[in-house]
Amino acid sequence: MRIILLMLFSYNWLQTFFDKKLPEPKELAKLIVKHCFEVESMEKSGKDTVFDISILSNRPDCSSHAGMAREIAAVMGCRVILPKIKNGRVKPVLSAKSMIDVQVADAVACPRYSAKMVTQVKVGPSPKWLQDRLSACGLRPINNIVDATNYVMLEFGQPLHAFDWDKLAEGRGRVKKIIVRYATDGEEVEVLGEKKYGLLPTMLLITDEAGPLAIAGIKGGKRAEISEKTSIVVLESANFNQRSIRMTSRSLGLVTDASVRFAHDLDRGQTVEVVERLADLVAEISGGQVVAGVVDRNPNPAKPKQLTLNMEMAERLLGTDIQTARAKKILDSLGFAVKKGKKADFEVVVPTRRTDVTIPQDLVEEIGRIDGYDKIRAATAGGPILPPPVNYFWLCKIILRDSLIASGWSETRNYTFVSAVDCRNFGFDPKDLLEIKNPVNADFSYMRPSLLLNLSKNIAKNSGQEILKQFEIGKIFGASRRSEPTMLSGICKGANFFELKGAIEFALGRLGIDSCSFAPIKDDEKAMGGICDRARSARVLAGKSEIGFAGYANEAILKAAGLENVAVFELSVDALAKLATRRNDFRQISTHPVAIRDLAVLVPRFEYAQNIINEIKKTAGPLAVSVEPIDIYEGAEIAPGLKNIALRINYQAMDRTLDGREIDKMQEKAILGLEARGWKVRR
Amino acid sequence: MEKIKQKAVGDIDRAQDLAGLSLVYKKHLDKDGTLGCFFRSLGELPKDERGRAGAEANKVKTEIAEIYEKRYAALEAAGRQAEGSGWLDVTLPGIKPMVGHIHPLSLVEGRVLEIFNSMGFGIIESQEVENEWYNFDALNVPKEHPARDVFDSLFLSDGSILRPHTSPGQVRYMECHQPPLRIVAPGRVFRRDPVDASHEPNFYQIEGLMVDKAISVANFKSIIDEFFKQFFCDCEAEADPSNKRSEVARNIAAGENIRLRPSYFPFTEPSFEVDLKCVHCSGKGCSACKGTGWMEIMGAGMVHPNVLKNAGLNPQFWQGFAFGIGSDRLAMIKYRVNDIRLLYDSNQRFLDQF
């Protein structure tokens, strides 16, 4: 749940804070965007214009028309006129203290609680001008008392509440008690709108001696609700800890205009002034009498912060000259008290409503934005620009990518997330994987243990393609969050294993790894958690270190995914990056001719060609510069269980042309070597 | 002489094929042809006229020979064409090389890093699974602070966090490097956003960081402006001037392309939202920029002193800027991709276009 300060502002209302005419709405919106906040939208509403403004989360002081007016005044360099507190029609006989007492159980959760009273109110509809303003700002008029609390909240940003004093539990004498305390486990409160909430002991309540009156800072309760019969009202203007409000609001799933404001760092210095203003308004529109005095529980009064602003620091940070007088004027207009300090210093007193300003840099921001960031001229940074060190790991990824592209493979980017079913299909036990506590949906519950899980889905997605070769370079996750191996994986359809092998060999060659080999997987080894079919797959080695695997995917996995005959590979980029030499030493080219000799050898069907090649290279000696299979045949003329492999041997020397006899001798040695292994050579 | 020439040229022109032309050769250019006879008749002229007439005859001979060669070549080509060889239908499709395609996000990352590299920024990468300290605390985001909501992070069962931004990498880097620092850190980030046309639960950012003794907002403006110029201009400015995109490129090259608006990030002070002049309408206002003429493109600001402190640097001595650009957003703007889901869908027909 995102708790965002989005608020509707009435242009006409904002105008009331100024004695001079504001710019046209469109121009005003531009100024607000440039210097203060983002104006999400702007709409005509009768004779008024309503702005939907997204207040930055550190500026709850601007979730009010007075706050926004202060910003506009600073930008325009003019004065704000706030409504005067009259404290008028005070009923002298009574005092708030003689009617109400407030007890706060936890001054951290509720740092301040101010209450004021108005008697002899007549509840009814509020005047049209007030209803219009509330409606313009998206609030539904209810009755004059509730409307007044909402109005003053929109005016000063302080959430307010009104209780019917007569409905509060009787106390000693005329004094009734308001108690701010935590809920008992399972305690219930019925809120306005007939809904009941069960509460937890971490949630703060406003209660009287009989039980809950409201969920503190979030929503008022049914019991002491204002009704047509109400004649005495208790007006609450309090401050609650933002964490406590957030937690309660979140766990109840209850977001209100009050909770959104309290969930930000609201000023606790303003509660009394605001409740006095509210009392004035209530009296004015309900014909009531303001009771003298405010009951104010404020054990740790908010103290205005003092900051020293060094103008040289400010200029260095913004990278521009700042007129001292201009800076002072900006800070003054925002309500900061500015005095000249030592040398280039200003001593600045921060008003308590500016909970966001804690360090001198915050003041630099105020100067920068109100003056306009467009005034800062772009300037190149001094000092020499040195070529940055090469990031070899990144480079290695680029080389791998480019090589695969050249081999006809396309790069993809797939989700990091997989489902439990995907994991099981690929032979991974979800218990061994990193699980996401709050996944976007169930298919995105685990961190991928292999890139192949999601890559394999691309085949079905691209069913129209006859040939598909896709790869991805990305991180995979095991059970431990400490390692995040980077892998290079590919999947192909319509291409055989040897194309895939060729692509890998080519890519590794580009990294300067020339000792790449593909080794069969032994009977007792599982081919990469069972992704691959052991008999048709290989371990990929660079020198002696294993860097991955390649081969045909296991039938069971393919079946689960509705696929067939898919070849895959997965290589460790971390391992490759360590082995990459980027060396590509030139080899001398012989100017002497190559002599070509072919031979054919009958071997058991499951003999690996590499074993035959190795045997020939070993026995024929170094002048056999290449040995390559040119044909493999098994069938009618060959005994069952055997296959015939034809090989081409190239003989070449660096320093001379080989003569026929010399070549024959080497060829004979090769043949004898093969025969010694028990294979029949057909010359 | 002139008569011989006229006759010879006329015969050459009239020849319809190579056989006809060889008869013309025999008739005029051969030893026994008209020219040959003429040369032989020169011997009968008086000595003083012989030289002049000879030179003139040679000149005419060369001229006729040239005309003959041209005609020969033309008839030969016509002959080949008639047979059907020596002719190619160049409009048939080319044979596509079997190469693969680079993902557009890689293209964008590659270009962005290349530009920053050229301005002295090194590339670093950081981990995707983060802990609370690097992800929030070190970045000056206190617990239960409203700013934590903005990120809407995904949490792992062991309490760690999938980084919702690339900024944790800043702190990790500053912890083990002394200024001056210039880095860009590309990487995948995660948020609890349901998938729609403009949101994906995983996407990419490129973090930038520059710290030195006096790196200022003015420096930030200069670097970022240069970056956008290069990123969106590329070779387009050189292209066809009637092309709409090159107009955009020219506008961008011309000046004021970015503006800074006030913003709030706990890890920077001051903080800005950086807007780029709309690359579709050059600031006139269109549907892509909701009529404002500007596109919100990145968050940035001057590194908060607490972040420097948390990374072990003394904020009295060092200052600088940090920014985070969405690679997906850059790709979508650059290639006019209107739906972010295309970037993660692995549709080969989409990939084939890059």
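Quick caveat: nothing in here was measured; it's all calculated off a predicted structure.

Colleague: Could you clarify how one ought to interpret the overall build of chain B in this entry?
Modeller: Counting its regular elements, chain B contains 13 helices and ten strands. For 354 residues, the compact-globule estimate of 2.2 N^0.38 gives 20 Å, and the C-alpha radius of gyration of chain B, at 37 Å, exceeds that figure by more than 25%. Considering only C-alpha atoms, chain B reaches an extent of 120 × 45 × 40 Å along its principal axes. A fraction of 64% describes how many contacts in chain B between residues 6 or more apart in sequence connect residues 24 or more apart.

Colleague: What's the story with the interface of chain A and chain B in this structure? I'm lost.
Modeller: As a measure of interface size, the accessible area lost when the parts come together is often cited. Contact residues are listed per partner, giving 71 residues for chain A and 68 residues for chain B. Those elements giving two or more residues to the side of chain A that touches chain B turn out to be α2 (25-35), α6 (242-252), α9 (311-318), α11 (360-371), α12 (392-406), β20 (410-411), α15 (457-461) and β23 (468-475) of chain A. Looking at the side of chain A that touches chain B residue by residue, the classes come out as 30 nonpolar, 21 polar and 20 charged.

Colleague: Got a minute to help me understand the sheet that holds strand β11 (residues 204-208) of chain A in this structure?
Modeller: Strands belonging to one sheet form pairs held by backbone hydrogen bonds; the direction of such a pair is parallel or antiparallel. Residues and elements named next belong to chain A. Ordered in space as β5-β8-β11-β12-β13, the five strands form an open sheet in which the pairing is mixed. If you trace the sheet from one side to the other, it starts and ends with β5 (100-104) and β13 (219-220), each paired once. Both strand β8 (residues 176-182) and β11 contribute to a ladder of four bridges, which runs antiparallel. Paired with Arg181 across the two strands is Leu205, which belongs to β11.

Colleague: Mind showing me how you'd approach the domain arrangement of chain A here?
Modeller: Its domain assignment divides chain A into domain 1 (6-76), domain 2 (90-297), domain 3 (305-374), domain 4 (392-579) and domain 5 (595-682). Each of domain 1 of chain A and domain 4 of chain A has a C-alpha centre, and these two points are 55 Å apart.

Colleague: I tried to follow the domain arrangement of chain B on my own but got confused; where do I start?
Modeller: What the domain assignment reports for chain B is domain 1 (2-83) and domain 2 (104-351). Each of domain 1 of chain B and domain 2 of chain B has a C-alpha centre, and the two are 78 Å apart.

Colleague: Explain the packing of helix α1 (residues 2-14) of chain B against helix α4 (residues 47-83) of chain B to me, please; I cannot follow it from the model alone.
Modeller: Working note: a packed helix pair is described by the angle between its axes plus the distance between those axes. All names here are of chain B. α4 packs onto α1 with a crossing angle of 5 degrees between their chain directions and a minimal axis gap of 10 Å. With respect to α4, the axis of α1 lies roughly parallel. Counted together, Lys5, Ala8, Val9 and Ile12 of α1 and Val60, Glu63, Ile64, Ile67, Tyr68 and Arg71 of α4 form the full contact between these two elements. Classifying every residue of the contact of α1 with α4 gives seven nonpolar, no polar and three charged.

Colleague: Honestly, unusual backbone geometry in this entry has me stumped. Any pointers?
Modeller: Backbone geometry follows two general trends: most residues other than glycine have a negative phi, and most peptide bonds adopt the trans configuration. Residues and elements named next belong to chain B. A cis geometry characterises the amide bond from Pro179 onward to Pro180, with omega recorded as 0 degrees. Between Glu269 and Pro270 the backbone carries a cis peptide bond, its omega angle lying at -5 degrees. Here Lys290, not a glycine, exhibits a phi torsion of approximately 50 degrees, which is positive. Structurally, Lys290 is set in the loop between β8 (268-277) and β9 (294-303). On the basis of neighbour count, Lys290 is assigned to the partly exposed category, with 14 C-beta atoms found within 10 Å. Phi is positive for Arg336, which is not a glycine, with a value near 55 degrees. Take Arg336: it is sitting in the loop between α12 (327-335) and α13 (348-351).

Colleague: I keep staring at the nonpolar core and nothing clicks. Help me out?
Modeller: Burial of nonpolar side chains together is a common tendency in soluble globular proteins. Residue and element names in this part refer to chain A. Counting residues in hydrophobic clusters, the biggest one holds 246 residues, and the most contacted among them are Met117, Val233, Leu235 and Val282. The residues touching Leu235, leaving out its near neighbours within four places in the chain, are Ala115, Lys116, Met117, Val118, Leu160, Ala162, Val275, Leu278, Ala279 and Val282. One finds Ile645, Leu647, Met666 and Leu674 within the second-largest nonpolar core, a separate group that totals 14 residues.

Colleague: Help me understand the pairing of β11 of chain A in this model?
Modeller: Remark: a regular strand shows side chains that alternate across the two faces of the sheet. Residue and element names in this part refer to chain A. Across the five residues that make up β11, a large majority, four, are buried. As judged from the four bridges shared by β11 and strand β12 (residues 211-215), these two strands associate in the antiparallel manner. Pairing of Ile206 across the sheet is with Ala214, part of β12. What sits between the antiparallel neighbours β11 and β12 is a turn of two residues.

Colleague: I'm lost on helix α5 (residues 144-156) of chain A in this one. Help?
Modeller: Residues lying three or four places apart along an α-helix face the same way, a consequence of the helix completing one turn every 3.6 residues. Under the 1.5 Å per step criterion, the end-to-end length of α5 of chain A is 18 Å for 13 residues, consistent within 8% with the ideal 18 Å. A large share of α5 of chain A lies buried, amounting to 13 of its 13 residues.

Colleague: Explain the pairing of strand β26 (residues 532-542) of chain A to me, please; I cannot follow it from the model alone.
Modeller: Residue and element names in this part refer to chain A. Pairing analysis gives five bridges linking strand β25 (residues 516-520) to β26, with the strands arranged antiparallel. In the sheet register, Cys516 faces β26, and the bridge partner there is Ala542. Pairing of β26 with strand β27 (residues 545-553) involves seven bridges; the strand directions are antiparallel. Bridged to Ala542 within β27 is Ser545. Hairpin remark: β26 followed by β27, antiparallel, with two residues in the connecting loop; positive phi at Gly543, about 65 degrees.

Colleague: Is there a simple way to explain α12 of chain A in this structure?
Modeller: The terminal C-alpha atoms of α12 of chain A, which comprises 15 residues, lie 21 Å apart, in line with the 21 Å expected from a rise of 1.5 Å per residue. Within α12 of chain A, burial applies to Cys396, Lys397, Leu400, Arg401, Ser403 and Leu404 of chain A. Down the axis of α12 of chain A, the buried set is contained in an arc of 165 degrees. They therefore lie on one face. Considering only its buried residues, α12 of chain A is in contact with β20, β23, β24 (486-493), α16 (497-510) and α18 (573-579) of chain A together with α5 (104-118) of chain B. The positive-phi residue at the C-terminal boundary of α12 of chain A is Gly408 of chain A, with phi of around 95 degrees.

Colleague: Would you take a moment to explain the packing of α12 of chain A against α16 of chain A for this structure?
Modeller: Residue and element names in this part refer to chain A. Close contact between α12 and α16 brings their axes to 9 Å; oriented N to C, the two are set at 140 degrees. Comparing their axes, α16 and α12 come out oblique. In the crossing of α12 with α16, the sense of the turn from one axis to the other is right-handed. Here Ile399, Leu400, Ser403 and Leu404 of α12 come into contact with α16, specifically with Ala503, Phe506, Ala507 and Arg510. Of the residues that constitute the contact of α12 with α16, the class distribution is six nonpolar, one polar and one charged.

Colleague: I'm lost on the environment of Ala105 of chain A in this one. Help?
Modeller: All names here are of chain A. The residue Ala105 is located in the loop between β5 and β6 (112-119) in this model. Given 13 C-beta atoms within a 10 Å radius, Ala105 is considered partly exposed. In sequence terms Ala105 and Thr119 are 14 residues apart; their C-alpha atoms lie 28 Å from each other. Ala105 has contacts with Val180, Arg181 and Tyr182, leaving out every residue within four places of it along the chain.

Colleague: What is the right way to look at the environment of Ala507 of chain A in this model?
Modeller: All names here are of chain A. Residue position: Ala507 is located in helix α16. Residue classification places Ala507 among the buried residues on the basis of 26 C-beta atoms within 10 Å. Expressed as a C-alpha distance, the spacing of Ala507 and Ser407, which sit 100 residues apart in the sequence, is 8.7 Å. Not counting residues within four places of it along the chain, the set of residues in contact with Ala507 comprises Leu400, Ser403 and Leu404.

Colleague: Explain the sheet that holds strand β18 (residues 337-340) of chain A to me, please; I cannot follow it from the model alone.
Modeller: All names here are of chain A. Spatially, the three strands line up as an open sheet ordered β17-β19-β18, and their pairing is antiparallel. Edge strands, defined here as strands with exactly one partner in the open sheet, are β17 (305-310) and β18. Put simply, the sheet's adjacent strands are angled 25 degrees from each other on average, direction ignored. The pairing of β17 with strand β19 (residues 345-350) spans six bridges and is antiparallel.

Cut-off values and rules
- Residues numbered from 1 in each chain as written.
- Chains lettered and ligands numbered in written order.
- Predicted model: local features only at pLDDT ≥ 70, side-chain atom pairs only at ≥ 80, totals over all residues.
- Helix = DSSP H or I, 4+ residues; strand = E, 2+ residues; numbered from the N terminus.
- Rg over C-alpha atoms; globule rule 2.2 N^0.38 Å.
- Contact = placed C-beta atoms within 7 Å.
- Nonpolar A, V, L, I, M, F, W, Y, C, P; charged D, E, K, R; others polar.
- Pairing = 2+ DSSP bridges.
- Domains from an automatic or database assignment.
- Axes fitted to C-alpha atoms, helices over the stretch in contact; angles between N-to-C directions.
- Parallel < 35°, antiparallel > 145°, perpendicular 65-115°, else oblique.
- Buried ≥ 20, exposed ≤ 12 C-beta atoms within 10 Å, placed from the backbone.
- Core = buried A, V, L, I, M, F, W, Y, C linked by C-beta atoms within 7 Å.
- Expected span 1.5 Å × (residues − 1).
- Arc of directions from axis to C-beta.
- Left-handed = near helix turned anticlockwise from the far one by under 90°.

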